[in-house]
Amino acid sequence: MGALPTSATVAVIGAGTMGAGIAQVAAQAGHPVLLYDAAAGAAERGVQGILRTLGKLVDKGRLGADALADIRGRLRAAATLEELAPAGLVIEAIVENLDVKRELFARLEALVAADAILATNTSSISVTAIAAKLGRPGRLAGMHFFNPAPLMKLVEVVSGLATSAEVAARVHATCEAWGKAPVHAKSTPGFIVNRVARPYYAEGLRLLGEGAADVATLDALLREAGGFRMGPFELMDLIGHDVNFAVTSSVFAAYFNDPRFTPSLIQQELVAAGYLGRKSGRGFYDYA
Ligand code: NAD
């Protein structure tokens, strides 16, 4: 099955770190895009943020002014969920919580066309479980982008037990048409990348807890000697501690409390304090 035609509307739900980036990708690929967020004003701020980012690309000569004008005409903030009814593909990027995601998809299923594809950007929750309550669970797949979505090529296309082969193929082809490098994955806890990445964060946090070195030293060491693009602490600050902690907790629970995936008390405290990383201005580092 081929890619979604560019004439099809893409709706993105959640205008946070990931949703705004995904909306930018879909808009740059030529689709009409609707961005929705439950928090008042967040979708409009998301749209303005995307246009600012694209404006900088125009200044650097990496995007034509006419292309930006086109995108401006196709990218819109939606004030209500009902406005997303015409979407051919809906990508959810809201809070990492199974019940909240299920409730959203139940509302969406009643709104969109029978052949519309529903996709979740979940990092760790079972795609099978998210789809299970739908009337047509076959139409839901994971479409797991990485942060920052406009720059990172990889997308995990995740199939739950009920996901239809046609839907997975269409999501895969659509990612390719958007200039991404998709891989098919089955719905296992954390899928591939987030599963493999858990020990990177966990061991960094254990080293910090044991007083081995401070965060800046550990980050520099892993970046410069270890060859990682980012150290674990600057990476967790980029991801957001609320999101990273929720992902670890979800993988830990899904593997029946396997101690390898035990969430960190240090990170639990950061979340409790509201020190969520870059997005809140403070995490392991200060961004004020
Ligand atoms: P975020 O906190 O930056 O943004 C989430 C947005 O969703 C917020 O603006 C919030 O107002 C909105 N929201 C919450 N509940 C909602 C609802 N019921 N309806 C509509 N909007 C709602 O979070 P994020 O980092 O963008 O993560 C979103 C999803 O993407 C999560 O499932 C996360 O696991 C996944 N993810 C995150 C990253 C990352 O690096 N941050 C990477 C890949 C995937």
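Residues numbered from 1 in each chain as written. Predicted model: local features only at pLDDT ≥ 70, side-chain atom pairs only at ≥ 80, totals over all residues.

### Here's the deal with the overall build of the protein chain
Using the following cut-off: Strands are runs of DSSP state E lasting at least two residues, helices are runs of H or I lasting at least four, and both sets are numbered from the N terminus onward. In this description the radius of gyration comes from C-alpha coordinates, and the expected globular size is given by 2.2 Å times residues to the power 0.38. Partly exposed residues are those falling between the two cut-offs: more than 12 but fewer than 20 other C-beta atoms within 10 Å of their own, whereas 20 or more means buried and 12 or fewer means exposed, with C-beta atoms placed from the backbone. Residue pairs qualify as contacts under a 7 Å threshold applied to their C-beta atoms, which are placed from the backbone.
Each helix and strand in the protein chain was counted, giving 11 helices and 8 strands. Here the protein chain has a C-alpha radius of gyration of 19 Å; the compact-globule value for 288 residues is 19 Å, and the two agree. Overall, the protein chain is about 55 × 45 × 35 Å in size when its C-alpha atoms are taken along their principal axes. The buried share among the 288 residues of the protein chain stands at 44%. The contacts of the protein chain with a sequence gap of at least 6 include a subset with a gap of at least 24, amounting to 64%.

### Thoughts on the pairing of strand β4 (residues 89-92)
Rules: Think of it this way: DSSP has to see at least two bridges between two strands before they count as a pair. Handedness is read with the strands pointing away from the viewer; a crossover is right-handed when the path from the first strand over the helix to the second is clockwise.
Neither face of β4 is exposed, since L89 and I91 on one face and V90 and E92 on the opposite face are all buried. With 4 bridges connecting them, strand β1 (residues 10-13) and β4 associate as parallel partners. Looking at β4, one finds that I13 is bridged to E92. In the sheet, β4 pairs with strand β5 (residues 117-120) via 4 bridges, with the strands oriented parallel. Looking at the pairing, E92 lines up with T120 of β5. Considered for its hand, the β-α-β crossover made up of β4, helix α4 (residues 98-109) and β5 is right-handed.

### Re the domain arrangement of the protein chain
Where we set the bar: The domain boundaries here were taken from an automatic or database domain assignment. Residues are sorted three ways: Asp, Glu, Lys and Arg are charged, Ala, Val, Leu, Ile, Met, Phe, Trp, Tyr, Cys and Pro are nonpolar, and all the rest, Gly among them, are polar.
As far as domains go, the protein chain holds domain 1 (10-186) and domain 2 (194-280). Each partner contributes residues to the interface: domain 1 has 6 residues there, and domain 2 has 10 residues. A class-by-class count of the residues in the side of domain 1 that touches domain 2 yields 1 nonpolar, 4 polar and 1 charged.

### Here's the deal with the sheet that holds strand β6 (residues 140-145)
The following threshold applies: Orientation is described by axes fitted as lines to C-alpha atoms, over the contacting stretch for helices, and by angles from 0 to 180 degrees between their N-to-C directions.
Here we have 8 strands laid out as an open sheet, ordered β3-β2-β1-β4-β5-β6-β7-β8, and mixed in their pairing. Only two strands of the sheet have a single partner each, and these edge strands are β3 (75-77) and β8 (181-186). Strand-to-strand twist in this sheet, taken as the mean axis angle between neighbours without regard to direction, amounts to 25 degrees. Judged from the 4 bridges that link them, β1 and strand β2 (residues 33-36) form a sheet pairing that is parallel. Bridging across to β2, V10 finds its partner in V33. Packing of helix α1 (residues 17-28) onto the sheet brings it into contact with β1, β2, β3, β4 and β6, and relative to β1 it is tilted by some 170 degrees. This element, helix α6 (residues 165-177), spans β5, β6, β7 (154-159) and β8 of the sheet and lies at about 170 degrees to β7.

### Regarding the site of the ligand
Using the following cut-off: Nearness rests on one distance test: the residue's C-beta atom, set from the backbone, must lie within 6 Å of the molecule or strand.
Close contacts around the ligand come from 28 residues, with G14, G16, M18, A38 and N147 the closest. When residues of the shell around the ligand are traced back to their parent elements, those giving at least two are α1, α4 and α10 (241-254). When residues in the shell around the ligand are grouped by element, the largest group, 3 residues, is from α1. Grouping the constituent residues of the shell around the ligand by class yields 16 nonpolar, 9 polar and 3 charged. Two domains each put at least three residues into the shell around the ligand: domain 1 (10-186) and domain 2 (194-280).

### A closer look at the nonpolar core
What counts is decided by this rule: A set of buried residues qualifies as a nonpolar core if it consists of Ala, Val, Leu, Ile, Met, Phe, Trp, Tyr and Cys joined through C-beta atoms within 7 Å.
Ranked by size, the top nonpolar core spans 57 residues in total, and within it V12, I22, A23, L35, V90 and A141 carry the most contacts. A per-element tally of this core places α1 first, with 7 residues. Ranked by size, the runner-up nonpolar core spans 15 residues in total, among them L218, L235, V247 and F252.

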